[in-house]
Every structure is written in C-alpha cells, then in structure tokens.
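Spelled out, the chains give:
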Amino acid sequence: MSTSLVLLLLSAALAAPLTENLLETSTWRHSSDDLMAVFQEPPNNKEPQGVLLLFHGCTHNAEDWFELPAERIVVQEALERGLVCVALPSADRVGSRCWDLDVDDERVEKIMREFVQPTWPTLPLYAAGASSGGSFAAWLGNNAALNIKGLALYITPGLPDFLELTETYPRTAMIVMNEDHHSATIHRAETFIERLASQRVSGKVWTCSRKNLSPTFFKLHTPSWSPQLRATLLRNLHRAKLVNDKGFLLKNPRDLWDQHMELLQNTAEQLNTSTTDMDVESLREILNIAWGEHEMTGEHAGPVLDFLLRRTSRR
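Since we're looking at a predicted model, the values are computed, not measured. (Residues numbered from 1 in each chain as written. Predicted model: local features only at pLDDT ≥ 70, side-chain atom pairs only at ≥ 80, totals over all residues. Heavy atoms only, no water.)

Our focus in this paragraph is the overall build of the chain. The number of helices and strands found in the chain is 11 helices and 8 strands. When the 315 residues of the chain are sorted by exposure, 53% land in the buried category. Taking the intrachain contacts of the chain between residues at least 6 apart in sequence as the baseline, contacts between residues at least 24 apart amount to 71%. With an accessible surface of roughly 14800 Å², the chain has 48% of that area assigned to carbon and sulfur atoms. (Helix = DSSP H or I, 4+ residues; strand = E, 2+ residues; numbered from the N terminus. Buried < 20%, exposed > 50% of the residue type's maximum accessible area, 1.4 Å probe, protein only. Contact = heavy atoms within 4.5 Å. Areas by Shrake-Rupley, 256 points an atom, 1.4 Å probe, with all protein chains shown as cover.)

A word on the pairing of strand β2 (residues 36–40). The element β2 is extensively covered by neighbouring structure, given that 5 of its 5 residues are classed as buried. When strand β1 (residues 26–29) meets β2, the two strands line up antiparallel, connected through 4 bridges. Residue pairing for β2: T27 is matched across the bridge by V38. Adjacent in sequence and paired antiparallel, β1 and β2 are bridged by 6 residues. In terms of strand pairing, β2 meets strand β4 (residues 83–88) through 3 bridges, oriented antiparallel. (Pairing = 2+ DSSP bridges.)

Inspection of every chain in the model, using the stated rule, returns 9 salt bridges. Note that D33 is salt-bridged to K110, the shortest N-O span being 2.9 Å. Taken together, the residues span a long stretch of sequence, with D33 in the loop between β1 and β2 and K110 in helix α3 (residues 101–119) at a distance of 77 residues. With a relative accessible area of 30%, D33 lands in the partly exposed category. With a shortest N-O distance of 3.7 Å, E295 and R254 are connected by a salt bridge. With a gap of 41 residues between them, E295 in the loop between α10 (277–291) and α11 (301–308) and R254 in helix α8 (residues 254–257) connect regions that are remote in the sequence. Classification of E295 by relative accessible area gives buried; the value is 10%. (Salt bridge = Lys/Arg side-chain N within 4 Å of Asp/Glu carboxyl O.)

This next bit is on the nonpolar core. Residues F55, V86, V116, Y154 and L213 are the most contacted members of the largest nonpolar core, which totals 91 residues. Once residues lying within four places of it in the same chain are set aside, the contact partners of Y154 are V74, A128, G129, A130, S131, I175, M296, T297, A301 and V304. (Core = buried A, V, L, I, M, F, W, Y, C linked by side-chain atoms within 4.5 Å.)

What follows concerns the state of the cysteines. Enumeration over the complete set of coordinates arrives at 1 disulfide. Covalently, C58 is tied to C98 through a disulfide, its sulfur atoms 1.8 Å apart. Looking down the S-S bond of the C58 and C98 bridge, the torsion is 120°, so its handedness is right-handed. Placement of C58 in the loop between β3 (50–55) and α2 (69–80) and of C98 in the loop between β4 and α3 is noted, with a sequence separation of 40 residues between them. (Disulfide = S-S within 2.5 Å.)

Take α3 next. Under the 1.5 Å per step criterion, the end-to-end length of α3 is 25 Å for 19 residues, consistent within 8% with the ideal 27 Å. At M112, α3 is deflected by roughly 45°, the largest bend along its length. Here α3 has its buried residues at D104, D105, R107, V108, I111, M112, F115 and V116. Two or three places before D102, at the opening of α3, D100 has a side-chain oxygen 2.9 Å from that residue's backbone nitrogen. (Expected span 1.5 Å × (residues − 1). Bend = angle between axes of the 7 residues up to and from the residue. Polar contact = N/O pair within 3.5 Å; in protein donor to acceptor, adjacent residues only side chain to side chain.)

Pairing within the open sheet is mixed, and its 8 strands lie in the order β1-β2-β4-β3-β5-β6-β7-β8. A strand with exactly one partner marks an edge of an open sheet, and here the two such strands are β1 and β8 (203–208). Averaged over all adjacent pairs, the angle separating strand axes in this sheet is 20°, with direction ignored. Along the sheet, α2 makes contact with β2, β3, β4 and β6 (148–154), crossing β4 at roughly 145°. Against the sheet, helix α5 (residues 186–198) contacts β6, β7 (171–177) and β8, and its axis sits at roughly 170° relative to β7. (Axes fitted to C-alpha atoms, helices over the stretch in contact; angles between N-to-C directions.)

At a minimum axis separation of 12 Å, α3 and helix α4 (residues 132–140) run at an interaxial angle of 60°. The angle between the axes of α3 and α4 places the two elements in the oblique class. Handedness of the crossing formed by α3 with α4: right-handed. Counted together, L101, D104, D105 and V108 of α3 and F136, W139 and L140 of α4 form the full contact between these two elements. (Parallel < 35°, antiparallel > 145°, perpendicular 65-115°, else oblique. Left-handed = near helix turned anticlockwise from the far one by under 90°.)

All right, on to the packing of aromatic side chains then. Taken as a whole, this structure holds 10 aromatic pairs when the rule is applied. Relative to F192, the ring of Y169 lies with its centre 6.3 Å away and its plane at 85°, an arrangement referred to as edge-to-face. Of this pair, Y169 sits in the loop between β6 and β7 while F192 is found in helix α5, placing the two residues 23 residues apart along the sequence. Residue F192 is classed as buried on the basis of its relative accessible area, which comes to 3%. An aromatic cluster is built from W28, F39, F115 and W120, whose rings are joined through pairwise contacts. (Phe/Tyr/Trp six-rings, centres within 6.5 Å; stacked < 30°, edge-to-face > 60°.)

With that settled, consider the pairing of β7. Among the 7 residues in β7, 7 count as buried, and that is most of the element. Here 5 bridges tie β6 to β7, and the two strands are oriented parallel to one another. Residue pairing in the sheet places L151 in a bridge with T172 of β7. Looking at chain direction, β7 and β8 are connected through 6 bridges and run parallel. Across the sheet, residue M174 finds its bridge partner in β8, namely V205. Traced from β7 through α5 to β8, the parallel crossover comes out right-handed. (Right-handed = clockwise from strand over helix to strand, strands pointing away.)

As structure tokens, this is what we get:
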C-alpha cells in the first residue's frame, strides 16, 4: 500500500479533534507498594449488583478499559447492569505488559484482599479479560477462595488441558473472532466450552465477523466524533481504495501500522493539530475490529453480561 494512500486516511482522522469524553473513574493505590486499581461504580440511581474485575490484553493498561472504544462499550453495559467495574494492571509495565501467573497471581490476590473485598464485601465477583488478560481471568476462575460467579473471556482459548478445573469453576462466556485462525480460534473456544459442559459448568461461545466501516459502526465506537469527521473518514477510505464497495477493509491494518507511525506524526504536524496516544490506539482498535482477526470487541457485551448474571438478555 502506498504512503500517499495511508496519508489520505490518516489526514481525515487527524483533521478534527479525536479525544473523546472519557468515563469518570477513581484510582486506588496501595500505601506501600506499586499496587493499584482503576474503578467506576454504577450511577447513583443503580444499586450495585456485583463487581466486574477487568484484565487488559498485552500492550495495554488498566485505564484502557475506560478509554478505548470496545472496552468502553463493555464497561458501559456493565454499569447499566449495576456492576462495579474494577480494572487491574499487570505487573509488567515496561515490556509486553502481558499477564504472568508467577508474578501477577499474588499481586491480584493482595489487591482483592486489601481493596476489593473490604470495599464491596457482600457483592458477587465476575471477571472479564482480553487475550492474555482473558487467560489470566480463566486461571482466576480456578481460585475457589475468590468464588468468581462468571467469566467473560475475550479472544482467548481458555485454560490449557493440563490444568484441572475446580468443582466451583464459574459459568463462562467466550467471545472470539471468525478470522482468528491462530490464537483464540472458534475451535479452541468450542473445545473449552465442551470441557466445561463435561464438568456440568454452563458455557457459551459468541463469534464476531468482519465489519464494514459504515456510519453506524463509527458512531457506535466513536460517539463523540462529529458526524463530519466520520463522513470524511469514510469518504477517504473509499477514495484511497482501502475498502471495497461495501465498506470492508481490503488489507489487515496491522500489516501497515508500524511502518506508518512516523507518517502519522508528520501528518499531525502538517495539519497543525495534536493527537494523544489514546487517539492513535482508538483508531488502531477500530480498524482491527473491522478486520475481525484478534482484537478486543464490545460486540455481544450486553448478552454476555446477561448470561453471566443469569438474566434474560434484553437484546
């Protein structure tokens, strides 16, 4: 793909402010070490019904659950259902930022013991995680002391076969992408759900297909972007022939992103505008979701949470 084509796309994205209105959060920090958690409680008119622990994927942070497009959809759906949302960071903050059982298991237990459980002692626990965070959440499901009631595992294959399931393993929702043929495949998700069924544990798989970059898609993921920005971006996508006549991406956006990061910076300078790292990450996530291979998604968030809460889905 030529530099000029990507320049056209990025120019549209940078031509207007991208920063969205972030969800208002609070932060808990341990008094003597680097442990912390970012959280938000339901609106005042909703009685808390549970606590949803959130575990990010590799290269991400706890704050991303309240700032990135797909993660925010999940959080907003959870808040609407009366769930307190508590996002935890992995110990690795300078490398891959993936979760490490040997290090993070003890850290998370300490956060639970010193913050979550004393703050909301009577509320049931649920957990959701993306990719590496999903694998860590699946591991926590085996912690009988935490007594987690439900798991939402995004783009993750579940627990490896050599780990036995406890008798109290929670009901589990698995959300995978149709084009993910190497990591969190549909087959692996279905196999894990079958394994749960053999232990009489409820489980269900939700799949996500590629998305066309339509006005509806952009409005869902970027509610604070102006209609003019969305329209301009869509026009430039078509003009640059980055999408077909139905609005589907023609190439994997990951194949071109790194080599054009410098171009992105130069474009911002040329347009006399500024962008934040979160603006860049939001655009990256939106394109990856549309490609539908391996990315956090807010699709099915409502029904997934209703499944964990044992409710009849409203959608």
